[in-house]
Amino acid sequence: MPAADTPPDRPRRVRDPELHRRAILDAAARAFAERGYSRATLRDIARRAGVTHGLVLRHFGSKENLFLTAVPGTRSIDELAEDSPEPLPARIAREYVRRLEAPESTDTFVALVRSTAADERAAGELYVAMQERTKATYRQLLGEHALEHRVPFLAALLVGVTFSRYVLRAGALADMSAERLIVDLTASIHALLYGDSEVGQSTGAASTADGSTSARAGESTEGG
């Protein structure tokens, strides 16, 4: 009696945590860029990535942590610490422009800037968390003094450029070519990070001296 036909083996589902992680990050970048932080949901991100909601939580723990991991800037900043003959300001400017000028860019930093109007508190918390994540790298590259007195202005500069060129898309920064933007942004970053720190101190001293002189002149007039 002929043996009964055996059913073909079912293809085994391949478990590849790293593949799932990359799919989730790609889906998150698209969702945050399209919908902003507040309106994007973990369930939608899971659906886009073809995984379960529980797997997203298993990999990243929370929506905030997923957003911070998906932000390319927090990952690329770590690469700045690698040895390179290119000066640091040029590397920061070039990487920033490369990310945001990429075709069909889904950079989540733009999503963060856009989400400020919709949810100011959440955007503020994410902005502070992004700064915390990059502190160690900037401390290693620039030292404690620059981390406290220079890097916050660098962050504000990049937020302003992002808002003008990639959110509003208006004004001189929006009209500038990518090549020109790299050149001028490099010069601005260099001035922020390595400019003469005594300029602000001497300006403050001059203001104080002017105020004191004015006060004394007023006292003299009243006395006369």
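In this report, the structure presented in the accompanying data block is examined.

The rules behind each value
Residues numbered from 1 in each chain as written. Predicted model: local features only at pLDDT ≥ 70, side-chain atom pairs only at ≥ 80, totals over all residues. Heavy atoms only, no water. Helix = DSSP H or I, 4+ residues; strand = E, 2+ residues; numbered from the N terminus. Buried < 20%, exposed > 50% of the residue type's maximum accessible area, 1.4 Å probe, protein only. Contact = heavy atoms within 4.5 Å. Areas by Shrake-Rupley, 256 points an atom, 1.4 Å probe, with all protein chains shown as cover. Lys, Arg positive; Asp, Glu negative; His and termini not counted. Salt bridge = Lys/Arg side-chain N within 4 Å of Asp/Glu carboxyl O. Core = buried A, V, L, I, M, F, W, Y, C linked by side-chain atoms within 4.5 Å. Axes fitted to C-alpha atoms, helices over the stretch in contact; angles between N-to-C directions. Parallel < 35°, antiparallel > 145°, perpendicular 65-115°, else oblique. Nonpolar A, V, L, I, M, F, W, Y, C, P; charged D, E, K, R; others polar. Phe/Tyr/Trp six-rings, centres within 6.5 Å; stacked < 30°, edge-to-face > 60°. Lys NZ or Arg CZ within 6 Å of the ring centre and 35° of its normal. Left-handed = near helix turned anticlockwise from the far one by under 90°.

A look at the overall build of the chain
What the chain contains, in helices and strands, is 13 helices and zero strands. Written out in order from the N terminus, the α and β elements of the chain read α-α-α-α-α-α-α-α-α-α-α-α-α. Of all 224 residues assigned to the chain, the portion counted as buried reaches 35%. Restricting the contact set of the chain to residue pairs at least 6 apart, pairs at least 24 apart contribute 65%. When the accessible surface of the chain is split by element, carbon and sulfur atoms take 53% of a total near 14,000 Å².

What to know about the side chain of Arg91
Locating Arg91 in the fold gives a position in helix α6 (residues 88-101). Buried charged residue Arg91 carries no salt bridge. Nearest counter-charge: Glu86, at 5.2 Å. Among residues more than four places away in sequence, those in contact with Arg91 are Glu79, Leu80, Ala81, Glu82, Ser84 and Glu86.

Re the nonpolar core
Formed by 29 residues in total, the largest nonpolar core has its most connected members in Ile24, Phe32, Ile45, Leu66 and Phe67. Among the elements of the structure, α1 (17-39), α2 (42-49), α3 (53-60), α4 (63-70), α7 (108-115) and α8 (120-142) are those that each provide at least two residues to this core. With seven residues, the single largest contributor to this core is α1. If we ignore the near neighbours within four places in the chain, the residues touching Ile45 are Ile24, Ala27, Ala28, Ala31, Phe32 and Leu66. Within the second largest apolar cluster, 24 residues are counted, among which are Leu88, Tyr96, Tyr166 and Leu193.

A short note on unusual backbone geometry
The phi dihedral of Arg169 is positive, around 55°, even though this residue is not glycine. Topologically, Arg169 is positioned in the loop between α10 (151-168) and α11 (172-175).

Section: the packing of α2 against α3
In the contact formed by α2 and α3, the axes pass within 8 Å of each other and the chain directions differ by 100°. In terms of orientation, α2 and α3 fall into the roughly perpendicular class. Listed contacts from α3 to Leu42, Arg43 and Ala46 of α2 are His53, Val56 and Leu57. Of the residues that constitute the contact of α2 with α3, the class distribution is four nonpolar, one polar and one charged.

Notes on the packing of aromatic side chains
The final tally for this structure, using the stated rule, is four aromatic pairs. Plain terms: the ring middles of Tyr96 and Tyr166 are 6.4 Å apart, the flat faces sit at 70° to each other, and that makes the pair edge-to-face. One end of the pair, Tyr96, is in helix α6; the other, Tyr166, is in helix α10, with 70 residues separating them in the sequence. We classify Tyr96 as buried; its relative accessible area is 3%. On the basis of relative accessible area, Tyr166 is assigned to the buried category, the value being 6%. Of the aromatic side chains, those joined through ring pairs into one cluster are Phe32, Tyr37 and Phe67. Positioned above the aromatic ring of Tyr37 is the side chain of Lys63, whose terminal nitrogen or guanidinium carbon lies 4.6 Å from the ring centre.

Points about the pattern of salt bridges
For the structure shown, the criterion picks out 11 salt bridges. Where Glu95 meets Arg98, a salt bridge forms, and the shortest distance between an N and an O atom there is 2.7 Å. Taken together, the residues Glu95 and Arg98, both in helix α6 and three residues apart, mark about one turn of the helix. Across the pair Arg139 and Glu144 runs a salt bridge whose closest N-O atoms are separated by 2.7 Å. Taking relative accessible area as the criterion, Arg139 reaches 36% and is therefore assigned partly exposed. It is possible to trace a salt-bridge network through shared partners that takes in Glu34, Asp44, Arg47 and Arg48.

Topic: the packing of α6 against α10
The N-to-C vectors of α6 and α10 enclose an angle of 30°; their axes lie 12 Å apart at closest approach. Classified by the angle between their axes, α6 and α10 sit roughly parallel to one another. Crossing of α6 against α10: the hand is right-handed. Taking contact as the criterion, the partners of Ile92, Tyr96, Leu100 and Glu101 in α6 are, on α10, Leu154, Leu158, Val161, Thr162, Arg165 and Tyr166. Among the residues making up the contact of α6 with α10, the classes are represented as seven nonpolar, one polar and two charged.

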